[in-house]
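As a plain string of letters, each chain reads:
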Amino acid sequence: MQRKVGQKVSGSVRVAEIPVAARDVKPAAPPPVARAPVVAKEEVRRPVASAPLLPTFAPIIERNQGESEHREFPRAQLVTRFEVWVDDEEGGRRFAASLASINVSVSGAFLESTFYLPMGTVLGVSFILEPGASPVRARAQIVREERGDGPEGRSGFGIRFLDFSGQTEVALARLFVGARLRAFAEDYLSSQRARSLPNELERVVDVLSAWELLKATSTEADPWQAK
C-alpha cells in the first residue's frame, strides 16, 4: 500500500516521505538591508573646504556737489534703510519713521521722504551699511530739504551727523577707505621692515605710521579722494 506524504510516524515527518522536488526548494532569501556607506576614518577627519570669501562691498563713490550734510567728504550712492526717531524731553520717543537713503557720507546723508520736519530738528538714526553688518548709530540734524522741485527732482531732506555711538563711525569710514587701506597694508606688511618687527602690535603701529606719512607727503594718497 502506498504511504501518503506527510503521514506522521512517531510524532515526526520522515524526510524520505517528502518528494525530492519539495526537498530541493530553498526558502527565499530575505531582501537585503540598506546600509549607510562606510566612510574611511581619513575622510571623517578631513576638514571641510571653507567657502570662498565674498567680494568687498563697494558702492559708487563720488565727490559731493556742495551739499551741506557732506561737507568736504565724498559721498556714496547707497540705498539703505534708515530708522529715524525724535525723543521728547523726558527721553520718550515721540516720533519714529523708516526712510531710504539716496546717498551717504562720513558726515551726513540724504533721505527720501514725502513728509518734512522743521529745519534743525535733531534725530536719532540707525542704519546698516551692508547685509550682516552691525548698525551704525548716531545723532543727526536736519540741515536742508528738497520738495521735488530741485535739479534732481527728488523729495526728502539732508541730515548731518553730530556724533556716533559705540565707535560705529568706524564702519562708516571703512565704506570709503577700507579697500585702499587694505591694499596699502597688504603691500606694506610684505616688506622686509614689517617682517622684521617683533609682534603684531608693532606691525600695526608701523602700518598706521606709514599710511599717515604717505598722506602727508602725497596728494595722490588722500584716502577721501574718490577715484
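Residues numbered from 1 in each chain as written. Predicted model: local features only at pLDDT ≥ 70, side-chain atom pairs only at ≥ 80, totals over all residues. Heavy atoms only, no water.

Quick look at the overall build of the protein now. Scanning the protein from terminus to terminus reveals 5 helices and 8 strands. The linear arrangement of helices and strands in the protein, starting from the amino end, is α-α-β-β-β-β-β-β-β-β-α-α-α. Long-range contacts, defined here as pairs at least 24 residues apart, represent 53% of the contacts in the protein between residues at least 6 apart. Summed over all atoms, the accessible surface of the protein reaches about 15900 Å², with 56% contributed by carbon and sulfur. (Helix = DSSP H or I, 4+ residues; strand = E, 2+ residues; numbered from the N terminus. Contact = heavy atoms within 4.5 Å. Areas by Shrake-Rupley, 256 points an atom, 1.4 Å probe, with all protein chains shown as cover.)

Another aspect to go through is the pattern of salt bridges. Within the structure shown, the criterion is met by 8 salt bridges. In this structure, the salt-bridge partner of Glu200 is Arg203, at a minimum N-O distance of 2.9 Å. Linking Glu200 with Arg203, this pair stays in helix H5 (residues 200-217), spanning 3 residues, or about one helical turn. Overall, Arg203 belongs to the buried group, its relative accessible area being 18%. (Salt bridge = Lys/Arg side-chain N within 4 Å of Asp/Glu carboxyl O. Buried < 20%, exposed > 50% of the residue type's maximum accessible area, 1.4 Å probe, protein only.)

The next thing to look at is the packing of aromatic side chains. A full pass over the atoms with the stated rule returns 6 aromatic pairs. What links up through ring pairs into an aromatic cluster is the set Phe82, Phe127, Phe161 and Phe164. Arg147 extends its terminal NZ or CZ atom over the ring of Tyr116, reaching a point 3.9 Å from the ring centre. One Lys or Arg, Arg154, reaches over the ring of Phe110 and ends 4.1 Å from the middle of that ring. (Phe/Tyr/Trp six-rings, centres within 6.5 Å; stacked < 30°, edge-to-face > 60°. Lys NZ or Arg CZ within 6 Å of the ring centre and 35° of its normal.)

This next bit is on unusual backbone geometry. A positive phi is found at Gln167, a non-glycine position, where the angle reads about 60 degrees. For Gln167, a relative accessible area of 63% puts it in the exposed group.

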